[in-house]
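Descriptive analysis of the structure
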Amino acid sequence: MPAIAESLAEWAYGYEPDAEDLALARRSLLDTVAVTLAARDHPVSALAAELPDAARWAAVGHVLDFDDLHIDSTTHISVVIVPAVLAAGGDARAYLAGAGVMARLGTLLGWSHYAAGWHATCTAGAPAAAVAAGVAWGLTPERLATAMALAVPGASGVQAAFGTHSKSLQVGFAAEAGVRAARLARAGATADPRAVDAWLKLVGAQGADDAGEGTPHSGRPAVPGGLAIKMFPCCYAMQRPIAALRDLRAECGPDDVTAVRVTTPGATVHPLIHDGPDTGLEGKFSLPYAVATALLDGFPGFGAFTDDAVGRPEARRLMATVETERTEGGAGLLDGEVDLAVTLTDGRVLRSALAHPPGSPRRPPTDGELAEKFAACGSDVPALLKDTTWESARTLLLTELPGKAPA
């Protein structure tokens, strides 16, 4: 039985994208570059300035939590794979190869891996970034499998980092670990592809013992299930509650609210670890703050996730009204639905339930919604993205987010 890395490498090497794949790749390129440009002035941009290109671009691209998500694997695919491809001078096919491997590895890792506290974007991301860079450099299947094995030491990241700079930085480290592994494999470094199988078992992958038989390492589309595009710059677990509450704003104002009860499968809010956030970064991982910003801000943008915004007295009051009932079951961020009961000062109770938020694979963003998102990323972003290619995107990021030599 071939090692998992060998099976995935053969798939990635031989995959021929169709029109649907190429459309997803282009949307992913534009979305990732847009959210990266949006963070040009974020403190993480300065902190990451001395990192290699892939690490710098991935860290900055992830810090606003506005990048896309693969629901089935709970991984932010494009913010790892796009920087790896651009750093290696690759194109859409290299992106789709790396994205496909990341989706498949992440799905194999499963919800139990994520629920245990791993940051699956990093764990699945490092070996997948190795494939993306390796395909860009024309590596053989054997060399691609070797690159995946060489990336295993960099395949790590934990959810305890959520709400700090470390979350986005560890995503950058994963992207760079993959590029570095591919570079070493191209130079002739050796590694046993079975290291990937051993690593999967160690980190609790579902069915790792018989993954060679039970895990689909072939087929299409390149990214099974597609990608979810975020409409709000915060953790994906907050997208659904925010969207559901926005449906009620026409019937009440924030001053009218005395209590909010949120009922949802526990899995869907697993990453929301800050019940009483004190900073904007913590606010991006807070269910009570999702309620507060949806009621106060309507369409929460970047300004809703600053330290000052989280500290608003009216936000603190609304957060204190939130009661959460986490029901049993579920194994993903969009399982079941969120149900909201909002009690008003006059005694009325308004209800809203939602299964699929805007931008999710079953409610893909319209061209207009994408245009609005890109405009929100900066007044110059739509013009900068005009006629963007993979080659020009690399030049754009080198210009807008230049690195600097270590001191």
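Not measured: the values here are computed from a predicted model.

**Considering the sheet that holds strand β1 (residues 257–265)**
Reading across from one edge, β2-β1-β3-β4 is the order of the four strands in this open sheet, with mixed pairing throughout. One side of each edge strand has no neighbouring strand; the edge strands of this open sheet are β2 (322–327) and β4 (349–354). Strand after strand, the sheet turns through a mean of 15 degrees between neighbouring axes, direction not considered. Helix α13 (residues 239–246) rests against β1, β3 (338–344) and β4 of the sheet, and its axis sits at about 45 degrees to β3.

**Comments concerning helix α20 (residues 390–400)**
Buried within α20 are the following residues: Trp390, Ala393, Leu396 and Leu397. Along the axis of α20, the buried positions cluster into a sector of 110 degrees, meaning they face one direction only. Facing away from the buried surface of α20 by more than 90 degrees, the exposed residues are Glu391 and Thr399. Against α2 (19–38), α4 (53–62), α5 (77–87), α6 (92–115) and α19 (381–385) lie the buried residues of α20.

**Here's the deal with the environment of Ala133**
Tracing the chain through its elements places Ala133 in helix α8 (residues 125–136). Sequence separation of Ala133 and Ala84 is 49 residues, and the distance between their C-alpha atoms is 5.9 Å.

**Examining the pattern of salt bridges**
A complete count under the given rule lists 15 salt bridges for this structure. Across the pair Lys373 and Asp31 runs a salt bridge whose closest N-O atoms are separated by 2.9 Å. Placement of the pair is Lys373 in helix α18 (residues 367–376) and Asp31 in helix α2, with a sequence separation of 342 residues. The exposure classification of Lys373 matches that of Asp31, with both residues buried. In this structure, Asp380 and Arg40 form a salt bridge, with 3.0 Å as the shortest nitrogen-oxygen distance. Pair noted here: Asp380 is in the loop between α18 and α19 and Arg40 is in the loop between α2 and α3 (43–47), with a separation of 340 residues, a long-range link. Residue classification places Asp380 among the partly exposed positions, given a relative accessible area of 32%. Taken together, the salt bridges that share partners define one network made up of Asp18, Asp21 and Arg220.

**Details of the environment of Gly347**
In this fold, Gly347 is placed in the loop between β3 and β4. Between the C-alpha atom of Gly347 and that of Trp57, which follows or precedes it by 290 residues, the distance is 50 Å.

**Points about the UniProt feature "domain: MmgE/PrpD C-terminal" (unreviewed entry) in the protein chain**
Per the UniProt record, "domain: MmgE/PrpD C-terminal" (unreviewed entry) is found at residues 232–381. Span residues 232–381 is 31% helix and 19% strand, its end C-alpha atoms 17 Å apart.

**Thoughts on the packing of aromatic side chains**
A complete count under the given rule lists seven aromatic pairs for this structure. Over the face of the ring belonging to Phe162 we find Lys167, whose NZ or CZ atom lies 4.9 Å from the ring centre.

**Let's talk about the state of the cysteines**
One pass over the structure, following the stated rule, counts zero disulfides. Residue Cys377 stays outside any disulfide, its sulfur separated by 13 Å from that of Cys234, the closest cysteine. Accessibility expressed as a relative area gives 5% for Cys377, which makes it buried.

**What about the pairing of β4?**
A one-sided burial pattern is seen for β4, the buried positions being Leu350, Ser352 and Leu354 and the unburied ones Val349, Arg351 and Ala353. Pairing of β3 with β4, which is carried by six bridges, proceeds in the antiparallel orientation. Considered in β4, the bridge of Val342 is made with Leu350. In sequence, β3 turns back onto β4 through a hairpin of four residues, with Gly347 there showing a positive phi of about 95 degrees.

**Overview of the confidence of the model for the protein chain**
Summarising the model, the protein chain shows a mean pLDDT of 94, and 96% of its residues fall at 70 or more. Overall, residues 211–215 carries pLDDT values under 50, and its contacts beyond four positions in sequence, including any with other chains, amount to six contacts.

**Here's the deal with empty space enclosed by the protein**
Over the atoms, a rolled probe matching the size of one water molecule traces out where space is still vacant. Enumeration according to the criterion identifies four cavities of 30 Å³ or more in this entry. Quantified by volume, the largest cavity comes out at close to 90 Å³. Here the lining of the largest cavity is built from residues that sort into seven nonpolar, four polar and one charged. Space inside the second largest cavity adds up to approximately 50 Å³. Lining the second largest cavity, in full, are His62, Val63, Asp65, Gly163, Thr164, Lys167, Ser168, Leu281 and Phe285. For the lining of the second largest cavity, the residue count by class is three nonpolar, four polar and two charged.

**Considerations on the side chain of Arg312**
Note on placement: Arg312 falls in the loop between α16 (307–310) and α17 (313–320). Those residues in contact with Arg312 that lie beyond four places of it in its chain are Tyr289, Leu296 and Asp297.

**Looking at unusual backbone geometry**
The bulk of non-glycine residues show a negative phi, and the bulk of peptide bonds are trans. Note that the residue after Arg220, namely Pro221, is joined by a cis bond; omega there is 5 degrees. Mapping Pro221 onto the fold places it in the loop between α12 (211–214) and α13. Here the phi dihedral of Thr74 falls at roughly 55 degrees; this positive angle occurs in a residue that is not glycine. Here Thr74 lies in the loop between α4 and α5. The exposure class of Thr74 is buried, given its relative accessible area of 6%.

Rules and cut-offs
- Residues numbered from 1 in each chain as written.
- Predicted model: local features only at pLDDT ≥ 70, side-chain atom pairs only at ≥ 80, totals over all residues.
- Heavy atoms only, no water.
- Pairing = 2+ DSSP bridges.
- Helix = DSSP H or I, 4+ residues; strand = E, 2+ residues; numbered from the N terminus.
- Axes fitted to C-alpha atoms, helices over the stretch in contact; angles between N-to-C directions.
- Contact = heavy atoms within 4.5 Å.
- Buried < 20%, exposed > 50% of the residue type's maximum accessible area, 1.4 Å probe, protein only.
- Arc of directions from axis to C-beta.
- Salt bridge = Lys/Arg side-chain N within 4 Å of Asp/Glu carboxyl O.
- UniProt positions renumbered as here; feature names shortened; annotations may be inferred.
- Phe/Tyr/Trp six-rings, centres within 6.5 Å; stacked < 30°, edge-to-face > 60°.
- Lys NZ or Arg CZ within 6 Å of the ring centre and 35° of its normal.
- Disulfide = S-S within 2.5 Å.
- pLDDT = per-residue confidence, 0-100.
- 1 Å grid on protein atoms, 1.4 Å probe; cavity = no way out; pocket = protein on both sides within 12 Å on 5 of 7 lines; lining within 4 Å.
- Points joined across faces, edges and corners; volume = space filled by probe spheres on them.
- Nonpolar A, V, L, I, M, F, W, Y, C, P; charged D, E, K, R; others polar.

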